[in-house]
Structure formats: structure tokens, C-alpha cells
Amino acid sequence: MPPKTVTSALINMLEDLNDMQLKKFCSAILDRREEPRVRRVSLEGKTRLEIADVLVSTYTESGAKDVALETLGEIGCNAQRESFAKDTGPLTSSYGNIMGVKTTGASWQTAQQDKLGYSGVRASHTMAETDAGTMQKYKSKIITVGGKYGIDPALIAAIISRQSRAGNALDNGWGDNGNAWGLMQVDVTPNGGGHTARGAWNSEEHLCQATEILVYFIGRIRNKFPGWSTEQQLKGGIAAYMMGDGNIHSYDDVDGCTTGGDFSNDVVARAQWYKNNGGF
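Residues numbered from 1 in each chain as written. Predicted model: local features only at pLDDT ≥ 70, side-chain atom pairs only at ≥ 80, totals over all residues. Heavy atoms only, no water.

**Q** I'm lost on the nonpolar core in this one. Help?
**A** Taken as a class, soluble globular proteins show a tendency for nonpolar side chains to be buried jointly. With 47 residues, the main nonpolar core has Ile142, Ile151, Leu155, Ile160, Ile238 and Tyr274 as its most contacted residues. Listing elements by their share of this core, those giving two or more residues are helix H7 (121-135), helix H8 (139-149), helix H9 (153-164), helix H10 (204-224), helix H11 (230-243) and helix H12 (263-277). Among the elements that make up this core, the one with the highest residue count is H10 (9 residues). Excluding anything up to four places from it in sequence, Ile151 contacts Tyr95, Gly146, Ile156, Thr211, Leu214, Val215 and Ile218. (Core = buried A, V, L, I, M, F, W, Y, C linked by side-chain atoms within 4.5 Å. Buried < 20%, exposed > 50% of the residue type's maximum accessible area, 1.4 Å probe, protein only. Helix = DSSP H or I, 4+ residues; strand = E, 2+ residues; numbered from the N terminus. Contact = heavy atoms within 4.5 Å.)

**Q** Sorry, what's going on with helix H2 (residues 19-31) here?
**A** One turn of an α-helix holds 3.6 residues; hence residues three or four places apart share an orientation. Spanning 13 residues, H2 covers 18 Å between terminal C-alpha atoms, matching the ideal 18 Å at 1.5 Å per step. N-cap assignment for H2: the residue whose side-chain oxygen lies 3.1 Å from the backbone N of Met20 is Asn18. (Expected span 1.5 Å × (residues − 1). Polar contact = N/O pair within 3.5 Å; in protein donor to acceptor, adjacent residues only side chain to side chain.)

**Q** What am I meant to see in the packing of aromatic side chains here?
**A** To describe a pair of aromatic rings, you give the distance between the ring centres and the angle between the ring planes. Counted under the stated rule, the structure contains 6 aromatic pairs. When the centroid spacing of 4.1 Å and the interplanar angle of 10° are considered together, the rings of Phe225 and Trp228 count as stacked. Taken individually, Phe225 and Trp228 each receive the classification buried, so the pair is uniform in this respect. One aromatic cluster is present, built from ring pairs that chain together Phe225, Trp228 and Tyr251. Sitting over the ring of Tyr118, Arg122 keeps its end group 3.7 Å from the ring centre. Taking the ring centre of Phe280 as reference, the NZ or CZ of Lys139 above it sits at 5.8 Å. (Phe/Tyr/Trp six-rings, centres within 6.5 Å; stacked < 30°, edge-to-face > 60°. Lys NZ or Arg CZ within 6 Å of the ring centre and 35° of its normal.)

**Q** Just checking my understanding: could you explain unusual backbone geometry for this structure?
**A** When glycine is set aside, most residues are seen to have a negative phi, and most peptide bonds are trans. Residue Lys115 is not a glycine yet carries a positive backbone phi of 55°. Using a relative accessible area of 71% as the deciding quantity, one classes Lys115 as exposed. The phi dihedral of Asp176 falls on the positive side, at around 50°, and the residue is not glycine. Mapping Asp176 onto the fold places it in the loop between strand S1 (174-175) and strand S2 (180-181).

**Q** How should I be thinking about H12 in this particular structure?
**A** For H12, spanning 15 residues, the distance from its first C-alpha to its last is 21 Å, which sits close to the expected 21 Å at 1.5 Å a residue. Most of H12 sits out of view: 12 of its 15 residues are buried. Phe263, Ser264, Asn265, Asp266, Val267, Val268, Ala269, Arg270, Ala271, Gln272, Trp273 and Tyr274 are the residues of H12 that are buried. Backbone geometry just downstream of H12 places Gly279 in the positive-phi region, at approximately 80°.

Following this line, the structure appears as C-alpha cells:
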């Protein structure tokens, strides 16, 4: 069956949202700081058909698709997001091109995990390659989750490599002295992430939860720094995944508060290696 038009898919998706979900969806659209922006009067009191028309007239069909996918992810309507993506054809990422993100790679501190005599992008690539064999066990799940949320699977693999060394650094699924869960290390501490772990440590459900957190923080960084390029916002979202968006103050010092002072730079470099060499 050929993909539906974006307009018809938008109408179907909006009809699938309950009233509270629709309210959250419209609020998130109004909160967007990137141009073009939707005026409040254009959405308040409008029918779902009228809202779909506003989105297409504001963003064009292709732009409305990306905005809708991003917004559904931000408000946690993942079933509707997945259905909308299928209705409109191959899922495309609105979060930027990981290969276009500038990176300095791993710090000396991080490189010492593997007792490397060098740091930087080369060190990140070496550590990604070290984890590549084990990573293959999760490849199918990673690709599925990446497609579901519009996140490059290579980026998910890179976070798994950095956070848990593809699971090899975990103790019965736990890392960070029992404060973080699973391959992507979801923070469960009350004063940290405060999340309730979902699924087994190596499950698709865990990867979904962690990727939802990543998508949330990319959105937070987009709103906080609307003048950044899409790739800069992606890098900022990766750093915020580790330390929260409140600790991101400038692009030049995006990793200033992250562990090792290099989290997003290291993850980006690993992702680029997995994109070129890992089959993601």
C-alpha cells in the first residue's frame, strides 16, 4: 500500500489522540522557538482537520511530517508516532545528521578506560571497535528502536558503548554503583534522573525508555538554544542526556559538566565509527 499524504496521515494521527494528548501536542507546537512559528489563535478551539491544515500551511508537507514526529516523541505519544511514521512512508530523522556533528572525541580520562596512549577521535573509534563484537547481539533491537523514534541507530549504539561498554561494564544490569540501569544507563536516583527502570537491562523496552529520554533532551536543547544549528542541538541533547539541560550553558563548553568532560564529543565520534563500520 502506498504511503498516505502527509495531510491525511496528520488528520488520522490527530484523531487518534485523546483530548489531553491533543492539548499537549498543541502546547508543544506553540512552544517551538524555531521559525516559522504557529500563533496561538491558529490552534485554539480548532478541529483536528483545521489543526492539520495549519501544520501543513505553516511548515509545508515535508516539514509538517518532521515537526509532528518530533512533537509526538516529546510528549510521549509513541504508538501514534510509530503509526504516523508508517503512514507517511520511510521514517526520516528531524534531529540532524550525526556525520555532520563536529567532535573532538574522547578525553584522556575516558581513554584510560582502555589504557590507551592517546585521546581524541582516534581513541573513541578504538573503544567503539572494541565493543563492536558484543554490540552485534543488540543490533536488531537498536535498529528497531532507532526507526521507531527517528534516532540514528549508530547514535544509540554509541551511547551503549560509552555508557556500559555494550553491557560488559554492568553488574547484573546495573552500573554507576547501582544508580543507573541497563545498556544505556537510565538514571534511577531521586536526585538525578529519577526514572523508574523499564524492562530488562538488555531489552528493547529499556532501549525505548532511554531513547525517549534522549529525544526529550534534544527537544529541551532546541527550545533553550533555538539559534544553534540542528547538528549543534543534537550534540547538546546528547550532553543533556548525561547531565540534564540545566547544565548546558554554551556550545563551546557543551561537555563542561559531563563525566570526563567529553560525553557528547566521545559519543558522536563513536557514533560516526558505528555508522561507517558497524552496519548501523
